[in-house]
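A look at the structure
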Amino acid sequence: GMGSGIDRHMAQARRLEAQARLPAVTPSPPAQHYFVPRAVQFPGKGEDQVIELAEISVEEDIELQKKHGREGYFKMKLSWLDRELAKLHPPGARAVRLEVDRSNLFHDSFRAFSRLSGDKLRQPLQVKFKKEEGRDDGGLTRHWFMLISREVVNPEYAMFVSLGKDHTYHINSASMHQPHYLEYFRFIGRVWGKAAFDGFLVESHLTSSVYKYLLGIQVCDEDLHHVDGAYHNSLQWMLNNDIDAAKLDMTFSIDEDVLGSITTVELKEGGSNIAVTNENKDEYVRLAAMRRLVTGIQPQLDAMRKGFREAFPEALLEKFSESELELVLCGLPCIDVQDWRRYSEYRAGFTEDDDTIRWFWEIVNDWDQGMRARLLQFVTGTSKVPTGGFAELYGATGPKRFQIIRVFDTTRLPQANTCFNELLLPPYHSKETLADMLVMSILDGGDHFGLR
């Protein structure tokens, strides 16, 4: 099936990547100014009314949400955030260079970041991959944010656990057995904060309770259903049933699996001697839920929040909810092909009525989100759509729509210029060939930088 084919391609892509050394390129001129990529107007309503978010009361907040709808109001909040961030990015600021080795990404990035003091964290980043040519005009930095945000959730480091099929990550309580774990979590917080501060996107989605904690919003036992649905349901069952009759024989303690051995943890002082009854079960459920969400990983959460706030001024996020913070950090999770097509441009002889272009969109439309994300990443360097949709794609030098450029050699695979969001596409003679060539290109060309 498709799955095993993709795995085979992926293995081949990794081998190719290991052998690849990118050719030397003539450096392009440096970008004239340092920009926050998200700082552009959003399509849709809400953009014409400028709000001063810092001065809005709770009542006005509710009122504006009612008036403009959640999405319209979110766009207003975002454009306020972008204006505030633009003020904190002085033009001509000196870039901080970050030189990292792709094969030792986590530790190199960690070491480089730990040298950045408060003020340095506010300066633009300029990433260079060791032993690789290619200068950074934003493209490599964007690529680095994508790679590092994937790397920190790598199971090898045991910092996060992956939940369910949508790949949301929650902090792993066993991470405390990792030396330097608190410094690592502070680093991760700084990376997330720096991405938001500079308008880049991170690739890994965290649980809503982690976002709440970063924002200083109260985590509640309801948040457990995102982290462990089965556990949440069994606690819910206790609340809805007569547990004295059920004779559960439970106390205010729980068994936890720590690195393969079971340890008993008391949920409160002397908990292993306190029986859970109908009288006190509400408290038990609250403590058990909070143990999973916060208290069992409190030092990690605190370290991550500390790092996040070092890189991002917390006052700017006071009016944002946890789901809005996720959108600011991760962009839109779902790739809308209609929107993508609407904001694409064709060059060097292609028009939207050409067979190749028609076939291209039919193919993309038939793909699942995973393949669409891979295509987007192949062409733009990141698999995330900016928060305002495809109208807001950025290239190395500023706003750059997705572009499909005609090249004539039909014996070649499609290629990409990630710095300029360009897909170089030959006019293949059939839709099947186009589909095969695209898949081969995307899966073999994986994490490479097309430089020109």
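First, a word on scope: everything that follows refers to the structure included in this document. (Residues numbered from 1 in each chain as written. Predicted model: local features only at pLDDT ≥ 70, side-chain atom pairs only at ≥ 80, totals over all residues. Heavy atoms only, no water.)

Moving on to the overall build of the protein. Summing up its helical and strand segments, the protein has 17 helices and 13 strands in all. In the protein, which comprises 452 residues, the share counted as buried stands at 50%. Counted over contacts in the protein with a minimum sequence separation of 6, partners at least 24 positions apart contribute 71%. With the model as given, the accessible surface of the protein reaches about 21,700 Å², and the carbon-plus-sulfur share is 51%. (Helix = DSSP H or I, 4+ residues; strand = E, 2+ residues; numbered from the N terminus. Buried < 20%, exposed > 50% of the residue type's maximum accessible area, 1.4 Å probe, protein only. Contact = heavy atoms within 4.5 Å. Areas by Shrake-Rupley, 256 points an atom, 1.4 Å probe, with all protein chains shown as cover.)

With the exception of glycine, the majority of residues adopt a negative phi angle, and the majority of peptide bonds are in the trans configuration. Positive phi is not limited to glycine here, since Ala158 has a value of about 55°. As for its position among the elements, Ala158 is in the loop between α5 (139-151) and β3 (160-163). Non-glycine residue Asn421 carries a positive phi angle of around 55°. Here Asn421 shows up in the loop between β12 (415-417) and β13 (422-425).

What follows is about the sheet that holds β12. If you trace the four strands from one edge of the open sheet to the other, you get β8-β11-β13-β12, paired in mixed fashion. Two strands close off the open sheet at either side, each with one partner strand: β8 (344-347) and β12. When strand polarity is set aside, the average angle formed by the axes of neighbouring strands in this sheet is 25°. As paired strands, β8 and strand β11 (residues 402-406) are joined by four bridges and run parallel to one another. Across the sheet, the residue bridging to Glu345 is Gln403, located in β11. (Pairing = 2+ DSSP bridges. Axes fitted to C-alpha atoms, helices over the stretch in contact; angles between N-to-C directions.)

Counted under the stated rule, the structure contains 18 aromatic pairs. With a centroid separation of 4.8 Å and 75° between ring planes, the pair formed by Phe110 and Tyr184 is classed as edge-to-face. In this pair, Phe110 sits in helix α3 (residues 105-114) while Tyr184 sits in helix α6 (residues 181-198), placing the two residues 74 residues apart along the sequence. Classification of Phe110 by relative accessible area gives buried; the value is 13%. (Phe/Tyr/Trp six-rings, centres within 6.5 Å; stacked < 30°, edge-to-face > 60°.)

Moving on to the nonpolar core. Grouped burial of nonpolar side chains is what soluble globular proteins tend to show. Counting 88 residues, the largest nonpolar core has Trp144 and Tyr284 as the members making the most contacts within it. Judged by nonpolar contacts, the second largest core, of 34 residues, contains Val337, Phe350, Leu393 and Leu443. (Core = buried A, V, L, I, M, F, W, Y, C linked by side-chain atoms within 4.5 Å.)

Bringing the environment of Phe378 into the picture now. Checked against the element boundaries, Phe378 lands in helix α16 (residues 369-380). A relative accessible area of 10% places Phe378 in the buried class. In the structure, Phe378 is positioned 40 residues away from Thr418 in sequence and 7.3 Å away in space, judged by C-alpha atoms.

Mapped onto the elements, Asp198 comes out in helix α6. At a separation of 3.0 Å, a polar atom in the side chain of Asp198 contacts the side chain of His89. (Polar contact = N/O pair within 3.5 Å; in protein donor to acceptor, adjacent residues only side chain to side chain.)

Turning our attention to the pattern of salt bridges. For the coordinates displayed, the defined rule picks out 20 salt bridges. A salt bridge links Asp108 to Lys130; the nearest nitrogen and oxygen atoms lie 3.2 Å apart. With Asp108 in helix α3 and Lys130 in the loop between β2 (125-129) and α5, the pair connects residues that are 22 residues apart, well separated along the chain. Given the relative accessible area of 30%, Lys130 is considered partly exposed. Here Arg347 and Glu422 are joined by a salt bridge, their closest N and O atoms 3.7 Å apart. Taken together, the residues Arg347 in strand β8 and Glu422 in strand β13 connect sequence positions 75 residues apart. Given a relative accessible area of 36%, Arg347 falls into the partly exposed group. Classification of Glu422 as buried rests on a relative accessible area of 2%. (Salt bridge = Lys/Arg side-chain N within 4 Å of Asp/Glu carboxyl O.)

Let us now look at the sheet that holds strand β4 (residues 168-171). One key point about sheets: their strands pair by backbone hydrogen bonds, in either a parallel or an antiparallel sense. Taken in spatial order, the three strands of this open sheet run β3-β4-β5, and their pairing is mixed. A strand with exactly one partner marks an edge of an open sheet, and here the two such strands are β3 and β5 (205-206). Pairing between β3 and β4: four bridges, direction antiparallel. Its bridge partner being in β4, Leu163 is matched across the sheet by Thr168.

Moving on: helix α12 (residues 298-311). The end-to-end C-alpha separation of α12 is 20 Å, in line with the 20 Å expected for 14 residues at 1.5 Å each. Those residues of α12 lying buried are Gln300, Leu301, Ala303, Met304, Gly307, Phe308 and Ala311. With its buried residues spanning 165° around the axis, α12 presents them on a single face. (Expected span 1.5 Å × (residues − 1). Arc of directions from axis to C-beta.)

As a further point, take the pairing of β4. Because side chains alternate across β4, one face comprises the buried residues Thr168 and His170, and the other comprises Tyr169 and Ile171, equally buried. In this sheet, β5 lies alongside β4 in parallel orientation, the contact comprising two bridges. Bridging from a neighbouring strand, Thr168 pairs with His205 of β5. Regarding topology, α6 serves as the crossover connection from β4 to the parallel β5, and that connection is right-handed. (Right-handed = clockwise from strand over helix to strand, strands pointing away.)

Structurally, Ser175 can be placed in the loop between β4 and α6. Ser175 sits in the buried class, given a relative accessible area of 0%. A polar atom in the side chain of Ser175 sits 2.6 Å from the backbone oxygen of Asn172. If we skip the residues at most four places from it in the chain, Ser175 touches Ala158, Met159, Tyr181, Phe185 and Gln300.

As a further point, take the environment of Phe110. Residues Phe110 and Tyr184, 74 residues apart in the sequence, show an inter-C-alpha distance of 7.4 Å. If we skip the residues at most four places from it in the chain, Phe110 touches Glu183, Tyr184 and Phe187.

A few words now on the packing of helix α7 (residues 208-215) against helix α13 (residues 322-330). The geometry of α7 relative to α13 is characterised by a closest axis approach of 9 Å and an angle of 95° between their N-to-C directions. Relative to α13, the element α7 lies roughly perpendicular. Residues Ser208, Tyr211, Lys212, Leu214 and Leu215 of α7 touch α13, and the partners they reach there are Glu322, Leu325, Glu326, Leu329 and Cys330. Along the lines of polarity and charge, the residues of the contact of α7 with α13 split into six nonpolar, one polar and three charged. (Parallel < 35°, antiparallel > 145°, perpendicular 65-115°, else oblique. Nonpolar A, V, L, I, M, F, W, Y, C, P; charged D, E, K, R; others polar.)

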